[in-house]
Amino acid sequence: MVVSMTDGLPTPAMIQPCLCFINQTTSRVHFMNVISNTCEMDYSLLLLIFTSAVFEQTWCLNNSNNSISTTFSPLPTTVTTQSLLCENKGITQNGICFCPDDWTGTTCNIPNFCPENTFTATMKLTFPKTVLGQFASSVERCPSETTNAGMHHASALCNLITRLFSTPKILNCSLTLDTIHTWISGATLKKKQDLSSSTQILTSIPERLTPHNITNAAKITQALLSDPQTTDIAVSAVATVSQLLSASHEKYSSVDHEAISQLTQTLQTLSLREKPNPLLVQPNMAVQAE
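Keep in mind the model is a prediction, meaning the values are calculated, not measured.

**Section: the overall build of the chain**
Then, number 1: From N to C terminus, the chain includes five helices and 18 strands.
Then, number 2: Relative to its 290 residues, the chain shows a buried fraction of 47%.
Then, number 3: Put simply, of all contacts in the chain between residues at least 6 apart along the chain, 57% involve residues at least 24 apart.
Then, number 4: Looking at the chain as shown, the accessible area adds up to about 14600 Å², and 53% of this sits on carbon and sulfur atoms.

**Some points on unusual backbone geometry**
Then, number 1: With a phi angle near 70°, Lys-89 is a residue other than glycine that sits in the positive phi range.
Then, number 2: Looking at the element boundaries, Lys-89 is found in the loop between β5 (72-74) and β6 (91-93).
Then, number 3: A positive phi is found at Cys-108, a non-glycine position, where the angle reads about 60°.
Then, number 4: Examined against the element boundaries, Cys-108 turns out to sit in the loop between β8 (103-104) and β9 (110-111).

**With respect to the state of the cysteines**
Then, number 1: All chains considered together, the criterion is met by four disulfides.
Then, number 2: Disulfide pairing is shown between Cys-99 and Cys-108; the S-S distance is 2.1 Å. Its S-S torsion of approximately -85° makes the covalent link between Cys-99 and Cys-108 left-handed.
Then, number 3: Since its relative accessible area comes to 0%, Cys-99 is described here as buried.
Then, number 4: Residue pairing for Cys-142: its cysteine sulfur links by disulfide to Cys-173, the two sulfurs lying 2.1 Å apart.

**So, the packing of helix α1 (residues 177-184) against helix α3 (residues 211-226)**
Then, number 1: One can describe the packing of α1 onto α3 by two numbers: an axis separation of 9 Å at closest approach and a directional angle of 25°. Overall, the two elements α1 and α3 adopt an arrangement that is roughly parallel. For the element pair α1 and α3, the recorded crossing hand is left-handed. Touching Leu-177, Asp-178, Ile-180, His-181 and Ile-184 of α1 are His-212, Asn-213, Asn-216, Lys-219, Ile-220, Ala-223 and Leu-224, all from α3.

**Some words on the confidence of the model for the chain**
Then, number 1: Residues with a pLDDT of 70 or more make up 68% of the chain, whose mean pLDDT is 76.
Then, number 2: With pLDDT under 50 throughout, residues 1-70 is counted as low confidence; its partners more than four residues away or in other chains account for 140 contacts.

**What about the side chain of Thr-126?**
Then, number 1: Structurally, Thr-126 is set in strand β12 (residues 125-127).
Then, number 2: Within polar-contact distance, the side chain of Thr-126 engages the side chain of Thr-118 at 3.0 Å.
Then, number 3: Beyond its immediate stretch of four places on either side in the chain, Thr-126 contacts Glu-116, Asn-117, Thr-118, Ser-137, Ser-138, Val-139 and Glu-140.

**Section: the environment of Leu-157**
Then, number 1: Within the fold, Leu-157 resides in strand β15 (residues 154-157).
Then, number 2: Since its relative accessible area comes to 14%, Leu-157 is described here as buried.
Then, number 3: Residues Leu-157 and Asp-232, 75 residues apart in the sequence, show an inter-C-alpha distance of 10.0 Å.

**A look at the nonpolar core**
Then, number 1: Among the nonpolar cores identified, the biggest contains 24 residues, and Ile-214, Tyr-252, Leu-267, Met-285 and Val-287 are the most heavily contacted of them.
Then, number 2: When contributions to this core are tallied by element, the ones reaching two or more residues are α3, α4 (231-244) and α5 (257-273).
Then, number 3: At six residues, α4 tops the list of elements feeding residues into this core.
Then, number 4: By size, the runner-up hydrophobic cluster in this structure holds 16 residues, among which are Leu-171, Leu-177, Ile-220 and Ile-233.

**Focus on α1**
Then, number 1: Within the sequence span of α1, burial applies to Leu-177, Ile-180 and Ile-184. End-on view of α1: buried residues confined to an arc of 55°, all on one side of the axis.
Then, number 2: The inward-facing, buried residues of α1 abut α2 (189-202) and α3.
Then, number 3: Where α1 terminates, the next one or two residues include Gly-186, which has phi positive at roughly 85°.

**Thoughts on the packing of α2 against α4**
Then, number 1: Where α2 contacts α4, the axes come no closer than 9 Å and their chain directions differ by 25°. The pairing of α2 with α4 is recorded here as roughly parallel in orientation. In the packing of α2 onto α4, the handedness of the crossing is left-handed. Together, Leu-189, Lys-192, Gln-193, Ser-196, Ser-197, Thr-199 and Gln-200 of α2 and Asp-232, Ile-233, Ser-236, Ala-239, Thr-240 and Gln-243 of α4 make up the contact between the two elements.
Then, number 2: Residue composition of the contact of α2 with α4, by class: three nonpolar, eight polar and two charged.

**Some points on the side chain of Thr-221**
Then, number 1: Considering the arrangement of structural elements, one finds Thr-221 in helix α3.
Then, number 2: Side-chain polar atoms of Thr-221 contact the backbone oxygen of Ala-217, separated by 2.7 Å.
Then, number 3: Excluding residues within four positions of it along the chain, Thr-221 makes contact with Ala-237, Thr-240, Val-241 and Leu-263.

The rules behind the values
Residues numbered from 1 in each chain as written. Predicted model: local features only at pLDDT ≥ 70, side-chain atom pairs only at ≥ 80, totals over all residues. Heavy atoms only, no water. Helix = DSSP H or I, 4+ residues; strand = E, 2+ residues; numbered from the N terminus. Buried < 20%, exposed > 50% of the residue type's maximum accessible area, 1.4 Å probe, protein only. Contact = heavy atoms within 4.5 Å. Areas by Shrake-Rupley, 256 points an atom, 1.4 Å probe, with all protein chains shown as cover. Disulfide = S-S within 2.5 Å. Axes fitted to C-alpha atoms, helices over the stretch in contact; angles between N-to-C directions. Parallel < 35°, antiparallel > 145°, perpendicular 65-115°, else oblique. Left-handed = near helix turned anticlockwise from the far one by under 90°. pLDDT = per-residue confidence, 0-100. Polar contact = N/O pair within 3.5 Å; in protein donor to acceptor, adjacent residues only side chain to side chain. Core = buried A, V, L, I, M, F, W, Y, C linked by side-chain atoms within 4.5 Å. Arc of directions from axis to C-beta. Nonpolar A, V, L, I, M, F, W, Y, C, P; charged D, E, K, R; others polar.

In C-alpha cells form, the structure reads like this:
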C-alpha cells in the first residue's frame, strides 16, 4: 500500500513513536529509546537500518496496518515535463512511480516476486506469490491432532536471484518454542539451522503469539545471533523478529523486558558486523552494516 509522502519521507501521521536515524556525517545509526524518552510503546522491538547505498533516506516505521513500498526508482533528472505512466497499480508522485511491493522499476514494470509454486518431493506444499527475499508460509497446515494444529506446515524463502522458492523448511508439528529454547544451548550448527527455521515458522502467525511465545522467541533469536552463525540462521532470525513486531502492542506488556533488551542489543551488534545483505531486509525491519 502506498502512503502519502512529503519531500521523500513518510508523513508524520504514518510514523509511529519509535524512531531511528542515521547521522549523515558519520553514517552511524542512532536509536531513540522507546521507554525512557518520549515514545510510549510497551517494549515493542524496532530496528530498521537502511544505509544510503540502499535508499537516499532512512526511516523506521512500525505500522501493522500500513506498509510502504520499498521498490521505487527515480526518473532521470533531465525528464521534467514528460508525464509518467505507472504500471501494475503504481502511483505517480512528484515524477516518481511508487510501486506495490511485488513490482519494481521506473514504471513498476519489473516483477519483484516469486510466483506461486507447489513442491511434491516429500509432501505436497504450496506457497503463494511472495515478494523477493521474503519468506512464504505454506498453504498446508499442521493437522488438528498435533500440538501446533493450524500452524503453517512449512516455509520457503523467495530467492532473489532465481526468483523461485528455495527448498522448503518443514515444521515438526509437535515442536514448541519452549522445547526449542531448551535445545538451543549447545546445539550444533546444523541443529541451530533447523531450530531457527522452526522458530520462524512458529512465529509466522502474529495473532497466535502470546507474551510467553514472544519472550521465548526473543531468547531463542538472541542466542542464535550471539553465537557464530550461517547466513541462513541470520536470515531466519531477522525474519522472526520482523514477525514479532507484527504482534499487538498490548501483548508486550507481559513479556520479559530483559529478553527484549538483550535481543535489541544483539541486533545492534549484528548490524555493525554483518556485510550488507538484502536478505536481512524483512517487512518490519532491516539490518545493514555501516
